[in-house]
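Inside the fold
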Amino acid sequence: IPEPLAMISPENFTTIFSSLKEQESVVFDYKPLKRTTWIRRIVDPYHVICSKGNWYFIGYCHYKKNIRMFSFSRIKEIEKTGDYFTIPVDFNPENYFDKEIGVWVSSAEDQLIELLFDKEVRSYALDYQWHSTQTVEERQDGTVYVSFITNQLNEVTRWILGQGHTVKVLAPELLRENILNEINIMKEKYENE
């Protein structure tokens, strides 16, 4: 059962891959995830990623003046500019995503994620490997401690929320705060109906 995939214009594929190969900047309208309006961007594409069937590229954004991640599906009116660029020698695409967790870096540094799964989902917690850095420990009370290292706090937040009450975040504190913030926002939505 595949995950739902975003619709992508074939022109986006052709133009992005061509500009990556030729190291030519592209200009396009982009709709960031949390906005409803389109923003014109000029970007030097450095690297393409397919994560869970969805396509992204990492590149230098002339508007933001730093390296950013862009979703193919939120691009329209893409064209090559005729301006060429060189990828910096110190650019490492793996600094911008975690191939085992996701593509949306939310922490500049790796974080040790520590989770405690309830005993009711013990088999689930013991059976799965979510990350190569993972350690798993079954405790005497039947709960399962899981830890791993990633810089993908937003992706981990979504995954933990999907587990409902069966998992508790022990660390880092920022992840605990993210979870509590989301729970409070959700609670307000239901209470204010």
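All of the points below concern the structure found in this document. (Residues numbered from 1 in each chain as written. Predicted model: local features only at pLDDT ≥ 70, side-chain atom pairs only at ≥ 80, totals over all residues. Heavy atoms only, no water.)

**Considering the overall build of the chain**
Going by this rule: Under the scheme used here, helices are H or I runs from DSSP no shorter than 4 residues and strands are E runs no shorter than 2 residues, and both carry numbers assigned from the N terminus. Relative accessibility thresholds used throughout: buried, under 20% of the residue-type maximum; exposed, over 50%; partly exposed, between the two (1.4 Å probe, protein chains only). Only heavy atoms enter the contact rule, under which two residues are in contact if any of them lie within 4.5 Å. Accessible surface is estimated by sampling points in the Shrake-Rupley manner with a 1.4 Å probe; for residues, cover comes only from the protein chains shown. His is not counted, nor are the chain ends; Lys and Arg add positive charge and Asp and Glu add negative charge. To locate a charge, take atom NZ for lysine, CZ for arginine, CG for aspartate or CD for glutamate.
Along the backbone of the chain there are four helices and nine strands. Listing each helix as α and each strand as β along the chain from the N terminus yields α-β-β-β-β-β-β-α-β-β-α-β-α. Looking at the chain as a whole, 40% of its 193 residues are labelled buried. Considering only residue pairs separated by 6 or more positions, the chain has 60% of its internal contacts joining residues 24 or more positions apart. Total accessible area on the chain stands at roughly 11,900 Å², and carbon and sulfur atoms take up 50% of it. Here the chain holds 22 positive side-chain charges and 29 negative ones, and the gap between their average locations is 5 Å.

**Considering the pairing of strand β1 (residues 24–30)**
Rules: Pairing between strands is defined by DSSP: at least two bridges between them are needed.
A large share of β1 lies buried, amounting to seven of its seven residues. The two faces of β1 match: Glu24, Val26, Phe28 and Tyr30 on one face and Ser25, Val27 and Asp29 on the other face are all buried. Pairing between β1 and strand β5 (residues 75–84): five bridges, direction antiparallel. Following the sheet pairing, Val27 is matched in β5 by Glu79.

**Notes on the sheet that holds strand β9 (residues 167–171)**
To keep it simple, the criterion reads: Convention adopted: a line fitted to C-alpha atoms gives each axis, helices being fitted over their contacting stretch, and angles between N-to-C directions are expressed from 0 to 180 degrees.
Taking strand neighbours across the sheet as the criterion, the four strands line up as β7-β8-β6-β9 in an open arrangement whose pairing is antiparallel. At either end of the open sheet lies a strand with only one pairing partner, and these are β7 (135–138) and β9. On average, each strand axis in the sheet is tilted by 20 degrees relative to the strand beside it, whichever way the strands run. Of the pairings in the sheet, the one linking β7 to strand β8 (residues 144–150) comprises four bridges and is antiparallel in character.

**Points about helix α1 (residues 10–22)**
The test is simple: Helices are assigned an expected span. That span is 1.5 Å times one less than the residue count. Relevant arc is that of directions from the helix axis to the C-beta atoms, nothing else.
An ideal rise of 1.5 Å per residue puts 18 Å on 13 residues; α1 measures up with 18 Å between its terminal C-alpha atoms. Every buried residue belonging to α1 is among Asn12, Thr15, Ile16, Ser18 and Ser19, and all of these are buried. In an axial view of α1, the angular spread of the buried residues amounts to 165 degrees, which keeps them on one side of the axis. Turned more than 90 degrees away from the buried face of α1, the exposed residues are Pro10, Thr14 and Lys21. Looking one or two residues past α1, Gln23 carries a phi angle of roughly 55 degrees, positive in sign.

**With respect to the pattern of salt bridges**
Where we set the bar: What counts as a salt bridge is simple: a side-chain nitrogen of Lys or Arg found within 4 Å of a carboxyl oxygen of Asp or Glu.
Within the structure shown, the criterion is met by seven salt bridges. Across the salt bridge formed by Glu22 and Lys80, the nearest N and O atoms sit 3.0 Å from each other. Remark: Lys80 occurs in strand β5 and Glu22 occurs in helix α1; sequence separation between them is 58 residues. A relative accessible area of 32% places Lys80 in the partly exposed class. Taking the shortest distance from any N to any O, the salt bridge between Asp29 and Arg40 comes out at 3.0 Å. Of this pair, Asp29 sits in strand β1 while Arg40 sits in strand β2 (residues 39–51), placing them 11 residues apart in sequence. Look at Asp29 and you get buried, because its relative accessible area is 16%. One salt-bridge network, in which partners are shared between bridges, spans Glu22, Glu24 and Lys80.

**Describing the side chain of Asp29**
The test is simple: Side-chain atoms alone can form a polar contact between residues adjacent in sequence; in general such a contact is a pair of N or O atoms within 3.5 Å, and within protein one must be able to donate a hydrogen while the other accepts it.
At a separation of 3.0 Å, a polar atom in the side chain of Asp29 contacts the side chain of Arg40. Those residues in contact with Asp29 that lie beyond four places of it in its chain are Trp38, Ile39, Arg40, Arg74, Ile75, Lys76 and Glu77.

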